[in-house]
Amino acid sequence: MGGPGAGMIFHMITTLKNNRALLKKKRAFKNNVLYLKHEREGIRSIPISDKQLQKIQAELLEEQKERARKRWLLLALSACLTAGLFYLISEYLMDFWNWGQPM
């Protein structure tokens, strides 16, 4: 029954069958009545005036600016803390490790 390469051919046939089964599942989803109903309807939206839209845009821009300020503040604070930590390590811990050794 076997021979050289028989296991690889069996594996190839099994893989092709599994891939074909996956394609059938995908087609079954496309033919689903609920899927087709939602595809036709689309997303429902409420009409909005230009003033309300501009107000929402202004609020979003202000929120975005506030987030940017906080991000820059956090970056500056972490840079200062990192620099201070390097300074402390270089000044005090290096002297501590070299304590008692001739300079």
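This structure is a prediction, so every number in the text was calculated from the model and none was measured. (Residues numbered from 1 in each chain as written. Predicted model: local features only at pLDDT ≥ 70, side-chain atom pairs only at ≥ 80, totals over all residues. Heavy atoms only, no water.)

**Topic: the overall build of the chain**
Broken down by element type, the chain carries 3 helices and 0 strands. Each helix and strand of the chain, placed in order from N terminus to C terminus, yields the pattern α-α-α. For the chain, the proportion of its 103 residues judged to be buried stands at 0%. Taken as a whole, the chain presents about 10,700 Å² of accessible surface, with 66% of it coming from carbon and sulfur. (Helix = DSSP H or I, 4+ residues; strand = E, 2+ residues; numbered from the N terminus. Buried < 20%, exposed > 50% of the residue type's maximum accessible area, 1.4 Å probe, protein only. Areas by Shrake-Rupley, 256 points an atom, 1.4 Å probe, with all protein chains shown as cover.)

**Re a nonpolar patch on the surface**
Together, Ile9, Met12, Ile13 and Leu16 give the surface a local cluster of nonpolar side chains, amounting to about 370 Å² of exposed area. Within the secondary structure layout, Ile9 lies in helix α1 (residues 6–30). Residue classification places Ile9 among the partly exposed residues on the basis of a relative accessible area of 46%. (Patch = residues over 30% accessible without salt bridge, like charges linked within 9 Å, V, L, I, M, F, W, Y side chains within 5 Å. Salt bridge = Lys/Arg side-chain N within 4 Å of Asp/Glu carboxyl O.)

**A few points about the pattern of salt bridges**
Counting across every chain of the model gives 2 salt bridges. Across the pair Glu63 and Arg67 runs a salt bridge, and its minimum N-O distance is 3.2 Å. Here Glu63 pairs with Arg67, and both are found in helix α3 (residues 50–97), just 4 residues apart, close to one helical turn. Glu63 gets classed as partly exposed once you look at its relative accessible area, which sits at 41%.

**Brief notes about the confidence of the model for the chain**
Predicted coordinates in areas of low pLDDT are best not read in detail. Overall, the predicted model of the chain reaches an average pLDDT of 80, with 66% of residues at or above 70. Mean pLDDT across the elements of the chain bottoms out in helix α2 (residues 33–41) (60) and peaks in α3 (91). (pLDDT = per-residue confidence, 0-100.)

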